[in-house]
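Descriptive analysis of the structure
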Amino acid sequence: MGWICSRCEKTFEDRSVSCVDCGGPLVTDLRGQLVAGRYRLDRIIGTGSQESSVWKAWQVSFERPVALKLMPAEDDLARERFGRGARIASMLAHPHITTVHDYGEAEGGQVFLVMEHLEGRVLRAETRGGEPMPVERVVHIADQVLRALEDAHGHAVVHRDLKPDNLFLTHRSGDPDFVKVLDFGIAKYFSATDLEDTQETEEMKQELTHGWQLCGTPLYMAPEQIGGEAVDGRTDLYSLGVVMYQMLTGQVPFRAKTQYAVLSQHLRDPPPSFAESRPGLDVPADLEALVLKTLAKQPSERFTSAREMRKALADVRRAMGLDVEQSDQGIRHPSPSYPSVAGSRDQPAW
(Lines give C-alpha, C1' and ligand atoms only; values in the text may rest on other atoms or scores of the structure.)
Protein backbone atom coordinates (compact mmCIF):
# COMPACT_ATOMS: atom_id res chain seq x y z
CA MET A 1 0.00 0.00 0.00
CA GLY A 2 2.88 2.34 0.76
CA TRP A 3 3.19 5.63 2.59
CA ILE A 4 2.72 9.27 1.64
CA CYS A 5 4.06 12.50 3.13
CA SER A 6 1.20 14.56 4.53
CA ARG A 7 3.03 17.77 3.62
CA CYS A 8 4.63 17.36 0.18
CA GLU A 9 2.77 14.17 -0.91
CA LYS A 10 5.95 12.31 -1.84
CA THR A 11 5.38 8.53 -1.68
CA PHE A 12 7.55 5.90 0.01
CA GLU A 13 7.58 2.09 -0.03
CA ASP A 14 8.82 1.81 3.55
CA ARG A 15 7.75 3.87 6.50
CA SER A 16 10.25 6.14 8.17
CA VAL A 17 9.72 8.65 10.96
CA SER A 18 9.27 11.52 8.53
CA CYS A 19 9.72 12.59 4.92
CA VAL A 20 13.39 12.78 3.86
CA ASP A 21 12.63 15.83 1.68
CA CYS A 22 10.51 18.12 3.84
CA GLY A 23 10.35 16.42 7.24
CA GLY A 24 6.56 16.01 7.13
CA PRO A 25 4.92 13.03 8.88
CA LEU A 26 4.11 9.95 6.80
CA VAL A 27 0.69 8.30 6.71
CA THR A 28 -0.65 5.23 4.94
CA ASP A 29 -1.32 6.04 1.29
CA LEU A 30 -5.10 5.61 0.97
CA ARG A 31 -5.64 7.55 -2.24
CA GLY A 32 -8.42 6.08 -4.35
CA GLN A 33 -9.90 4.04 -1.50
CA LEU A 34 -13.62 4.20 -0.76
CA VAL A 35 -14.65 4.92 2.84
CA ALA A 36 -18.03 3.63 4.02
CA GLY A 37 -18.96 2.97 0.41
CA ARG A 38 -19.55 6.65 -0.35
CA TYR A 39 -16.40 8.75 0.11
CA ARG A 40 -13.45 8.33 -2.27
CA LEU A 41 -10.15 9.61 -0.89
CA ASP A 42 -8.39 11.84 -3.42
CA ARG A 43 -5.39 13.43 -1.67
CA ILE A 44 -3.88 13.97 1.77
CA ILE A 45 -4.47 17.38 3.34
CA GLY A 46 -2.61 16.91 6.60
CA THR A 47 -2.47 15.19 9.96
CA GLY A 48 -4.15 15.95 13.25
CA SER A 49 -4.04 14.86 16.86
CA GLN A 50 -4.37 11.26 18.03
CA GLU A 51 -2.77 9.83 14.86
CA SER A 52 -5.53 11.18 12.65
CA SER A 53 -5.20 12.08 8.98
CA VAL A 54 -7.29 14.53 6.95
CA TRP A 55 -8.09 13.91 3.28
CA LYS A 56 -9.76 15.72 0.45
CA ALA A 57 -12.44 13.26 -0.62
CA TRP A 58 -15.25 13.01 -3.14
CA GLN A 59 -18.74 12.26 -1.85
CA VAL A 60 -19.97 9.96 -4.60
CA SER A 61 -23.71 10.31 -4.05
CA PHE A 62 -23.72 14.14 -4.01
CA GLU A 63 -20.76 14.57 -6.38
CA ARG A 64 -19.08 17.16 -4.18
CA PRO A 65 -15.68 17.55 -2.52
CA VAL A 66 -15.50 17.14 1.25
CA ALA A 67 -12.81 16.97 3.91
CA LEU A 68 -12.68 13.60 5.66
CA LYS A 69 -10.84 12.98 8.92
CA LEU A 70 -9.79 9.41 9.68
CA MET A 71 -8.82 8.37 13.19
CA PRO A 72 -7.89 5.04 14.80
CA ALA A 73 -10.45 3.74 17.29
CA GLU A 74 -9.02 0.69 18.96
CA ASP A 75 -11.78 0.05 21.51
CA ASP A 76 -15.43 0.72 22.22
CA LEU A 77 -14.61 3.63 24.55
CA ALA A 78 -12.64 5.41 21.80
CA ARG A 79 -15.50 4.93 19.35
CA GLU A 80 -17.99 6.18 21.94
CA ARG A 81 -15.93 9.30 22.58
CA PHE A 82 -15.56 9.89 18.87
CA GLY A 83 -19.30 9.61 18.32
CA ARG A 84 -20.02 11.96 21.19
CA GLY A 85 -17.52 14.51 19.87
CA ALA A 86 -18.93 14.22 16.35
CA ARG A 87 -22.46 14.85 17.62
CA ILE A 88 -21.24 17.90 19.53
CA ALA A 89 -19.55 19.27 16.42
CA SER A 90 -22.52 18.52 14.16
CA MET A 91 -24.96 20.51 16.32
CA LEU A 92 -23.01 23.73 15.71
CA ALA A 93 -24.27 25.65 12.67
CA HIS A 94 -22.58 29.03 12.32
CA PRO A 95 -20.91 30.86 9.40
CA HIS A 96 -17.56 30.84 11.20
CA ILE A 97 -17.63 27.18 12.31
CA THR A 98 -16.79 24.35 9.93
CA THR A 99 -19.91 22.42 8.92
CA VAL A 100 -19.96 18.71 9.81
CA HIS A 101 -21.84 16.55 7.31
CA ASP A 102 -21.43 12.97 8.53
CA TYR A 103 -19.51 10.57 10.77
CA GLY A 104 -19.25 6.83 11.19
CA GLU A 105 -16.99 3.79 11.25
CA ALA A 106 -14.78 2.96 8.29
CA GLU A 107 -13.44 -0.33 7.09
CA GLY A 108 -10.54 -1.58 9.21
CA GLY A 109 -11.83 -0.18 12.50
CA GLN A 110 -11.08 3.49 11.89
CA VAL A 111 -13.70 6.15 12.52
CA PHE A 112 -14.31 9.12 10.24
CA LEU A 113 -15.72 12.63 10.34
CA VAL A 114 -16.86 14.39 7.16
CA MET A 115 -16.71 18.20 6.96
CA GLU A 116 -17.12 20.89 4.36
CA HIS A 117 -14.08 21.24 2.13
CA LEU A 118 -12.41 24.65 2.36
CA GLU A 119 -9.93 26.40 0.08
CA GLY A 120 -7.43 28.68 1.75
CA ARG A 121 -4.81 28.38 4.49
CA VAL A 122 -4.59 27.98 8.24
CA LEU A 123 -3.58 30.96 10.35
CA ARG A 124 -0.37 29.09 11.19
CA ALA A 125 0.84 29.85 7.66
CA GLU A 126 0.52 33.57 8.44
CA THR A 127 2.29 33.42 11.83
CA ARG A 128 5.08 30.99 10.93
CA GLY A 129 7.53 33.75 10.01
CA GLY A 130 7.43 35.28 13.48
CA GLU A 131 6.53 38.76 12.26
CA PRO A 132 3.67 40.84 13.71
CA MET A 133 0.50 41.03 11.64
CA PRO A 134 -1.23 44.38 10.94
CA VAL A 135 -3.40 45.43 13.88
CA GLU A 136 -6.47 45.94 11.67
CA ARG A 137 -6.16 42.41 10.35
CA VAL A 138 -5.73 40.92 13.84
CA VAL A 139 -8.89 42.53 15.24
CA HIS A 140 -10.86 41.50 12.14
CA ILE A 141 -9.82 37.85 12.58
CA ALA A 142 -10.39 37.92 16.34
CA ASP A 143 -13.88 39.36 15.96
CA GLN A 144 -14.90 36.47 13.72
CA VAL A 145 -13.47 33.88 16.11
CA LEU A 146 -15.44 35.47 18.95
CA ARG A 147 -18.63 35.25 16.91
CA ALA A 148 -18.03 31.51 16.48
CA LEU A 149 -17.24 31.06 20.17
CA GLU A 150 -20.34 32.92 21.25
CA ASP A 151 -22.46 30.51 19.26
CA ALA A 152 -20.59 27.42 20.54
CA HIS A 153 -20.68 28.59 24.14
CA GLY A 154 -24.38 29.30 23.75
CA HIS A 155 -24.72 25.56 23.08
CA ALA A 156 -22.67 24.90 26.24
CA VAL A 157 -19.75 23.70 24.10
CA VAL A 158 -16.12 24.71 24.68
CA HIS A 159 -13.53 24.08 21.95
CA ARG A 160 -10.47 23.46 24.19
CA ASP A 161 -7.87 23.57 21.42
CA LEU A 162 -7.96 27.01 19.80
CA LYS A 163 -4.65 27.64 18.02
CA PRO A 164 -3.46 28.95 14.64
CA ASP A 165 -3.69 25.45 13.14
CA ASN A 166 -7.42 25.37 13.93
CA LEU A 167 -8.27 28.79 12.50
CA PHE A 168 -8.74 28.64 8.74
CA LEU A 169 -8.70 31.68 6.47
CA THR A 170 -10.72 31.40 3.29
CA HIS A 171 -12.10 33.83 0.70
CA ARG A 172 -15.81 34.50 1.02
CA SER A 173 -18.11 37.42 0.18
CA GLY A 174 -15.14 39.53 -0.86
CA ASP A 175 -13.30 38.91 2.40
CA PRO A 176 -9.89 37.20 1.96
CA ASP A 177 -9.69 36.60 5.72
CA PHE A 178 -13.04 34.94 6.32
CA VAL A 179 -12.48 32.74 9.39
CA LYS A 180 -13.60 29.17 9.88
CA VAL A 181 -12.94 27.57 13.27
CA LEU A 182 -11.80 23.98 12.69
CA ASP A 183 -11.69 20.79 14.67
CA PHE A 184 -14.21 20.68 17.45
CA GLY A 185 -12.99 17.08 17.76
CA ILE A 186 -11.97 17.48 21.41
CA ALA A 187 -14.81 19.86 22.21
CA LYS A 188 -16.85 19.14 25.30
CA TYR A 189 -19.93 20.33 27.12
CA PHE A 190 -19.24 22.55 30.11
CA SER A 191 -22.69 22.64 31.74
CA ALA A 192 -25.72 20.40 31.84
CA THR A 193 -27.81 22.67 34.04
CA ASP A 194 -31.25 23.97 33.08
CA LEU A 195 -31.64 21.45 30.26
CA GLU A 196 -34.50 19.10 29.61
CA ASP A 197 -33.99 15.39 30.30
CA THR A 198 -33.05 14.11 26.86
CA GLN A 199 -30.53 11.64 25.50
CA GLU A 200 -28.31 14.59 24.61
CA THR A 201 -28.47 15.88 28.18
CA GLU A 202 -27.48 12.46 29.51
CA GLU A 203 -24.48 12.46 27.18
CA MET A 204 -23.58 15.92 28.49
CA LYS A 205 -23.61 14.64 32.06
CA GLN A 206 -21.49 11.64 31.15
CA GLU A 207 -19.01 13.92 29.40
CA LEU A 208 -18.80 16.20 32.44
CA THR A 209 -18.13 13.40 34.93
CA HIS A 210 -15.50 11.30 33.12
CA GLY A 211 -11.99 11.22 34.59
CA TRP A 212 -9.35 13.81 33.76
CA GLN A 213 -6.86 13.69 30.89
CA LEU A 214 -4.67 16.54 29.70
CA CYS A 215 -6.03 17.63 26.35
CA GLY A 216 -5.03 20.57 24.19
CA THR A 217 -1.87 22.22 22.87
CA PRO A 218 0.61 23.44 25.56
CA LEU A 219 1.49 26.77 23.92
CA TYR A 220 -2.19 27.82 23.93
CA MET A 221 -3.54 26.01 27.00
CA ALA A 222 -5.33 27.78 29.86
CA PRO A 223 -4.16 27.24 33.47
CA GLU A 224 -7.40 25.51 34.54
CA GLN A 225 -7.07 23.14 31.61
CA ILE A 226 -3.53 22.24 32.65
CA GLY A 227 -4.63 21.68 36.25
CA GLY A 228 -7.52 19.42 35.29
CA GLU A 229 -10.10 21.83 36.68
CA ALA A 230 -13.52 22.53 35.20
CA VAL A 231 -13.35 24.23 31.80
CA ASP A 232 -15.85 26.66 30.28
CA GLY A 233 -16.00 29.37 27.64
CA ARG A 234 -13.38 31.47 29.40
CA THR A 235 -10.90 28.67 28.69
CA ASP A 236 -11.34 29.35 24.97
CA LEU A 237 -10.93 33.10 25.57
CA TYR A 238 -7.53 32.44 27.16
CA SER A 239 -6.42 30.44 24.13
CA LEU A 240 -7.68 33.15 21.80
CA GLY A 241 -5.69 35.67 23.86
CA VAL A 242 -2.54 33.65 23.22
CA VAL A 243 -3.32 33.59 19.48
CA MET A 244 -3.94 37.36 19.44
CA TYR A 245 -0.71 37.95 21.37
CA GLN A 246 1.14 35.92 18.75
CA MET A 247 -0.50 37.69 15.82
CA LEU A 248 0.31 41.11 17.28
CA THR A 249 3.90 40.48 18.46
CA GLY A 250 5.02 37.56 16.29
CA GLN A 251 5.64 35.44 19.39
CA VAL A 252 3.61 33.43 21.87
CA PRO A 253 3.73 34.82 25.42
CA PHE A 254 5.23 31.69 26.96
CA ARG A 255 8.18 29.85 25.41
CA ALA A 256 10.57 27.27 26.85
CA LYS A 257 12.67 24.27 25.86
CA THR A 258 10.23 21.70 27.22
CA GLN A 259 6.46 21.32 27.26
CA TYR A 260 6.58 20.96 31.04
CA ALA A 261 8.30 24.33 31.36
CA VAL A 262 5.72 25.98 29.07
CA LEU A 263 2.87 24.53 31.12
CA SER A 264 4.52 25.80 34.30
CA GLN A 265 4.76 29.30 32.83
CA HIS A 266 1.05 29.28 32.00
CA LEU A 267 0.35 28.36 35.61
CA ARG A 268 2.59 30.81 37.43
CA ASP A 269 4.19 33.51 35.23
CA PRO A 270 2.55 36.77 34.16
CA PRO A 271 2.64 37.29 30.38
CA PRO A 272 5.36 39.71 29.26
CA SER A 273 4.25 43.07 27.97
CA PHE A 274 4.24 43.64 24.22
CA ALA A 275 7.30 45.90 24.61
CA GLU A 276 9.20 43.09 26.32
CA SER A 277 8.37 40.63 23.54
CA ARG A 278 8.78 43.06 20.63
CA PRO A 279 10.51 46.37 21.49
CA GLY A 280 9.24 49.27 19.43
CA LEU A 281 5.96 47.60 18.53
CA ASP A 282 3.16 50.07 17.79
CA VAL A 283 -0.06 48.57 19.20
CA PRO A 284 -2.84 50.61 20.87
CA ALA A 285 -2.57 50.37 24.65
CA ASP A 286 -6.23 49.43 25.05
CA LEU A 287 -5.79 46.52 22.62
CA GLU A 288 -2.79 45.26 24.59
CA ALA A 289 -4.82 45.58 27.79
CA LEU A 290 -7.64 43.55 26.21
CA VAL A 291 -5.27 40.74 25.26
CA LEU A 292 -3.58 40.67 28.67
CA LYS A 293 -6.98 40.53 30.38
CA THR A 294 -7.76 37.31 28.52
CA LEU A 295 -4.49 35.85 29.84
CA ALA A 296 -5.39 36.21 33.50
CA LYS A 297 -4.59 33.07 35.47
CA GLN A 298 -8.01 32.98 37.13
CA PRO A 299 -11.02 32.62 34.79
CA SER A 300 -12.96 35.07 37.01
CA GLU A 301 -10.48 37.81 36.06
CA ARG A 302 -11.00 37.39 32.31
CA PHE A 303 -13.96 38.53 30.23
CA THR A 304 -17.12 36.80 31.38
CA SER A 305 -18.07 35.66 27.89
CA ALA A 306 -17.19 35.83 24.21
CA ARG A 307 -19.94 38.42 23.81
CA GLU A 308 -18.41 40.72 26.44
CA MET A 309 -14.97 40.35 24.89
CA ARG A 310 -16.37 41.08 21.43
CA LYS A 311 -18.01 44.26 22.71
CA ALA A 312 -14.70 45.34 24.26
CA LEU A 313 -12.93 44.60 20.97
CA ALA A 314 -15.55 46.69 19.14
CA ASP A 315 -14.71 49.63 21.43
CA VAL A 316 -11.04 49.21 20.54
CA ARG A 317 -11.89 49.16 16.84
CA ARG A 318 -13.93 52.34 17.14
CA ALA A 319 -11.08 54.07 18.97
CA MET A 320 -8.81 53.05 16.07
CA GLY A 321 -11.25 54.58 13.59
CA LEU A 322 -12.20 51.19 12.09
CA ASP A 323 -15.67 50.17 10.97
CA VAL A 324 -17.57 47.96 13.39
CA GLU A 325 -20.13 45.55 12.00
CA GLN A 326 -23.46 45.70 13.78
CA SER A 327 -24.69 42.31 12.61
CA ASP A 328 -24.62 39.37 15.03
CA GLN A 329 -24.12 36.71 12.37
CA GLY A 330 -25.86 33.58 13.49
CA ILE A 331 -25.76 34.39 17.21
CA ARG A 332 -28.92 33.02 18.74
CA HIS A 333 -28.09 32.38 22.37
CA PRO A 334 -27.76 34.46 25.54
CA SER A 335 -24.31 34.67 27.09
CA PRO A 336 -23.84 31.56 29.24
CA SER A 337 -23.13 31.58 32.95
CA TYR A 338 -20.34 29.40 34.31
CA PRO A 339 -21.40 27.48 37.41
CA SER A 340 -18.96 25.21 39.14
CA VAL A 341 -19.86 21.68 38.08
CA ALA A 342 -19.11 19.11 40.73
CA GLY A 343 -16.73 16.44 39.52
CA SER A 344 -16.14 18.09 36.14
CA ARG A 345 -12.74 17.30 34.73
CA ASP A 346 -11.00 18.00 31.44
CA GLN A 347 -11.86 14.96 29.31
CA PRO A 348 -11.48 14.35 25.57
CA ALA A 349 -14.72 13.98 23.67
CA TRP A 350 -13.20 11.37 21.36
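Residues numbered from 1 in each chain as written. Predicted model: local features only at pLDDT ≥ 70, side-chain atom pairs only at ≥ 80, totals over all residues. Heavy atoms only, no water.

**A short note on the overall build of the chain**
Across its full length, the chain holds 10 helices and 14 strands. Counting the 350 residues in the chain, one finds 52% classified as buried. Considering only contacts within the chain whose residues lie at least 6 apart along the sequence, 65% involve residues at least 24 apart. Total accessible area on the chain is roughly 15,600 Å²; 48% of this is exposed by carbon and sulfur atoms. (Helix = DSSP H or I, 4+ residues; strand = E, 2+ residues; numbered from the N terminus. Buried < 20%, exposed > 50% of the residue type's maximum accessible area, 1.4 Å probe, protein only. Contact = heavy atoms within 4.5 Å. Areas by Shrake-Rupley, 256 points an atom, 1.4 Å probe, with all protein chains shown as cover.)

**With respect to the environment of valine 54**
Relative to the elements of secondary structure, valine 54 occurs in strand E6 (residues 53-59). When its relative accessible area of 18% is taken as the criterion, valine 54 is described as buried. Not counting residues within four places of it along the chain, the set of residues in contact with valine 54 comprises Ile44, Ile45, Gly46, Leu68 and Lys69.

**Some remarks on helix H10 (residues 306-319)**
For H10, which comprises 14 residues, the first-to-last C-alpha distance of 20 Å matches the rise-based estimate of 20 Å (1.5 Å per residue) to within 8%. Along H10, the positions that sit buried rather than exposed are Ala306, Met309, Arg310, Ala312, Leu313, Ala314, Val316 and Arg317. Residues of H10 that are buried sit in contact with helix H3 (135-154), helix H6 (233-249) and helix H9 (285-294). Once H10 finishes, glycine 321 follows within two positions and takes phi at roughly 80°, a positive value. (Expected span 1.5 Å × (residues − 1).)

**Considering the sheet that holds strand E13 (residues 175-181)**
Ordered in space as E10-E12-E13, the 3 strands form an open sheet in which the pairing is antiparallel. Pairing within the sheet leaves two strands with one partner each, and these edge strands are strand E10 (120-122) and E13. The average angle at which neighbouring strand axes cross in this sheet is 30°, direction not considered. H3 rests against E10, strand E12 (167-172) and E13 of the sheet, and its axis sits at about 35° to E13. (Pairing = 2+ DSSP bridges. Axes fitted to C-alpha atoms, helices over the stretch in contact; angles between N-to-C directions.)

**Focus: the pairing of E12**
As defined by bridge partners, E10 adjoins E12 across 3 bridges and the pair is classed as antiparallel. Counterpart to valine 122 in the pairing with E12 is phenylalanine 168. Both E12 and E13 contribute to a ladder of 5 bridges, which runs antiparallel. Note on E13: the bridge partner recorded for leucine 167 is valine 181. In sequence, E12 turns back onto E13 through a hairpin of 2 residues, with serine 173 there showing a positive phi of about 50°.

**Quick notes on the pattern of salt bridges**
In the structure shown here, the tally under the stated rule is 23 salt bridges. Arginine 317 serves as the salt-bridge partner of aspartate 143, at 3.8 Å between the closest nitrogen and oxygen. You can see aspartate 143 sitting in helix H3 and its partner arginine 317 sitting in helix H10, a full 174 residues away along the chain. Each member of the pair aspartate 143 and arginine 317 is classed as buried. Connected through shared salt-bridge partners, Asp143, Arg147, Glu150, Arg307, Arg310 and Arg317 make up one network. (Salt bridge = Lys/Arg side-chain N within 4 Å of Asp/Glu carboxyl O.)

**Some details on the environment of valine 243**
Counting through the fold element by element, valine 243 comes out in helix H6. In the structure, valine 243 is positioned 81 residues away from leucine 162 in sequence and 8.1 Å away in space, judged by C-alpha atoms. Excluding its chain neighbours within four sequence positions, the residues that come into contact with valine 243 are Leu123, Leu162, Lys163, Pro164, Leu167 and Tyr220.

**Some remarks on the sheet that holds strand E1 (residues 3-5)**
With antiparallel pairing, 3 strands are arranged side by side in an open sheet as E2-E1-E3. Unpaired on one side and paired on the other, strand E2 (11-12) and strand E3 (26-28) mark the two borders of the sheet. The sheet contact formed by E1 and E2 spans 2 bridges and is antiparallel. Considered in E2, the bridge of tryptophan 3 is made with phenylalanine 12.

**Here we look at the packing of H3 against H6**
At a minimum axis distance of 11 Å, the contact between H3 and H6 shows a crossing angle of 165°. It follows from the interaxial angle that H3 and H6 lie roughly antiparallel. For H3 against H6, the interelement crossing comes out right-handed. The segment H3 lies against H6, with Val135, Val138, Ile141, Ala142, Val145, Leu146, Leu149 and His153 engaging Gly233, Asp236, Leu237, Leu240, Met244, Met247 and Leu248. Of the residues contributing to the contact of H3 with H6, the split by class is 12 nonpolar, 2 polar and 1 charged. (Parallel < 35°, antiparallel > 145°, perpendicular 65-115°, else oblique. Left-handed = near helix turned anticlockwise from the far one by under 90°. Nonpolar A, V, L, I, M, F, W, Y, C, P; charged D, E, K, R; others polar.)

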